[in-house]
Amino acid sequence: MSYETILVEKKDNVTLITLNRPQALNALNSQVLADLIDAFAAFEADATQGCAVLTGSGEKAFAAGADIKEMSDKPSAEFYSQDFFAGWTSHVVKATRKPWIAAVNGFALGGGCELAMMADFIIASENAKFGQPEIKLGVAPGMGGSQRLTRAVGKSKAMDMCLTGRMMDAAEAERSGLVSRVVPLDQLLDEALKAASAIAGMPPLAAMMNKEMVNIAFETTLDAGLVMERRMFQVLTATEDKAEGMAAFVEKRPGVWKGK
Ligand code: HXC
């Protein structure tokens, strides 16, 4: 399947999705959203694929934000009537139950930072720069920046980023817990694909449930979350892959997963 604004490649059991509007620093317009919704749906539906990596083309940007040129003349009523930006959460984040990683290779600003934060985790290159500069355009984050950034780095730093519109470099992003690892740019894709391949090699139901459990921590009380965690753990003990995983450990051999 070929797309106008992204490239999609299957690398064994890992799907690599590349934002491909380098002339606009991979700015996110409506076509990018439509293409990503389609690509993530195909990834989700393909039983041969266990994890995805999302990155940006070129060395300069993961994505420099929502497409300012597309938004500049749009009437406010249309932003509201189209519920502009709603599709990102409903059709990309919530519709993708399999794990995926953002490999951030340069600027991740505004919607770009917000898109990276939709991933299950972020691996950044040393030249990565994160920011929520919307305030400088007279607006505010619209794709999750005020919510996901605050949950990721806490109130003080999220306020600092949103109110000053400044950029955070990769070292600060790692210190703040926004990204899980930082690697040299020339190793970024290898590192992200290696992590994705390790995840894709895990028992698939356990991978999905681990993702679901961590996400529940952001939505519920500790008590309710702990009950939910035990129930999900108990459900997993009924799977064939649990029997195989424990037998494989005892027999000192790699497990062979069925996703059942
Ligand atoms: C549209 C963009 C763009 C964007 C860059 N470009 N960012 N086009 N939308 N968000 C385009 C430029 O217009 C230019 O095309 C080309 O990409 C290269 O960009 P330059 O500015 O020439 O590059 P450079 O000088 O290296 O500066 C890089 C940069 C800067 C610091 C990343 O481009 C920048 O500040 N971009 C905007 C970042 C931003 O404000 N993002 C948040 C957007 S709002 P041309 O054809 O002109 O040469 C958002 C959420 C909005 O994401 C929510 C509101 C409801």
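From a predicted model like this one, the values you see are computed outputs, not experimental measurements. (Residues numbered from 1 in each chain as written. Predicted model: local features only at pLDDT ≥ 70, side-chain atom pairs only at ≥ 80, totals over all residues. Heavy atoms only, no water.)

Here's the deal with the pairing of strand β5 (residues 100-104)
For β5, a buried count of 5 out of 5 residues is recorded, marking the element as mostly surrounded by other parts of the structure. In the sheet, strand β3 (residues 51-56) pairs with β5 via 4 bridges, with the strands oriented parallel. For Val 53, the partnering residue across the bridge sits in β5 and is Ile 101. Here 4 bridges tie β5 to strand β7 (residues 121-125), and the two strands are oriented parallel to one another. Directly across from Ile 101, in β7, lies its bridge partner Phe 121. (Buried < 20%, exposed > 50% of the residue type's maximum accessible area, 1.4 Å probe, protein only. Helix = DSSP H or I, 4+ residues; strand = E, 2+ residues; numbered from the N terminus. Pairing = 2+ DSSP bridges.)

Topic: the confidence of the model for the protein
Looking at the protein as a whole, the pLDDT averages 97, with 100% of positions reaching at least 70. Per the prediction output, this complex has pTM 0.97; the corresponding ipTM is 0.97. (pLDDT = per-residue confidence, 0-100.)

Points about helix α9 (residues 185-200)
For α9, which comprises 16 residues, the first-to-last C-alpha distance of 23 Å matches the rise-based estimate of 22 Å (1.5 Å per residue) to within 8%. Among the residues of α9, Leu 188, Glu 191, Ala 192, Leu 193, Ala 195, Ala 196, Ile 199 and Ala 200 are the ones counted as buried. Packing partners of the buried residues in α9 comprise β1 (6-11), β2 (14-19), β3, β5, β7 and β10 (181-183). (Expected span 1.5 Å × (residues − 1). Contact = heavy atoms within 4.5 Å.)

Observations regarding the environment of Leu 163
Tracing the backbone through its elements, the reader meets Leu 163 in helix α7 (residues 155-164). Looking at Leu 163, the relative accessible area reads 56%, which means it is exposed. Leu 163 sits 29 residues away from Glu 134 along the chain, and the two C-alpha atoms are 9.1 Å apart.

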